Amino acid sequence: QLVESGGGLVQAGGSLRLSCAASGRTFSLYAMGWFRQAPGKERDFVAGITWSGGYTQYTDSVKGRFTVARDNAKNTVWLQMNSLNPEDTAVYYCAARHLSVAVTPSDYDYWGQGTQVIVSA
């Protein structure tokens, strides 16, 4: 089970930190991904991190602004989001899969329920 938290309403230029708490499985064996879905749009890859945390990947639009990290002892992965802009408004989801980070939603086996992020201009 994956449970996201930390979403909310923030002004442009502000920051939010999303958390994803995992339970029920050996969290440390899974690569984790963050995705987002805006109204009327597809679910898109945002960031991912390998099981060890040794490799991270970001979509171009968030590079330099977002940081993904994990603590396997706490069964938690975070997405630190800085310099937010209205285009970042979406429901954010965390997801888990074995092996490596993937950018395609269908490659992930487990999903959280999502947390809403709204960035006002």
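Moving on, we come to the state of the cysteines. A full pass over the atoms with the stated rule returns one disulfide. Covalent S-S linkage joins Cys20 and Cys94, the inter-sulfur distance amounting to 2.0 Å. Because the torsion about its S-S bond is 55°, the bridge between Cys20 and Cys94 counts as right-handed. Taken as a pair, Cys20 in strand β3 (residues 16-22) and Cys94 in strand β9 (residues 90-98) lie far apart in primary sequence, 74 residues in all.

Topologically, Pro39 is positioned in the loop between β4 (30-37) and β5 (43-49). Counting along the chain gives 52 residues from Pro39 to Val91, while the straight-line C-alpha distance between them is 8.5 Å.

Let's shift gears to the sheet that holds β3. One open sheet accounts for four strands, arranged β1-β3-β8-β7; its pairing is antiparallel. The open sheet has two edge strands with one neighbour each: β1 (2-5) and β7 (66-71). Recorded for the sheet is a direction-independent mean angle of 15° between the axes of neighbouring strands.

The buried fraction of β3 is high, at five of seven residues. Where β3 and strand β8 (residues 76-81) come together, six bridges link them in antiparallel fashion. Note that in β8 the partner of Leu18 across the bridge is Leu79.

Cut-offs applied
- Residues numbered from 1 in each chain as written.
- Predicted model: local features only at pLDDT ≥ 70, side-chain atom pairs only at ≥ 80, totals over all residues.
- Heavy atoms only, no water.
- Disulfide = S-S within 2.5 Å.
- Helix = DSSP H or I, 4+ residues; strand = E, 2+ residues; numbered from the N terminus.
- Pairing = 2+ DSSP bridges.
- Axes fitted to C-alpha atoms, helices over the stretch in contact; angles between N-to-C directions.
- Buried < 20%, exposed > 50% of the residue type's maximum accessible area, 1.4 Å probe, protein only.

Everything listed here is a matter of coordinates, which is why it stays silent on function.
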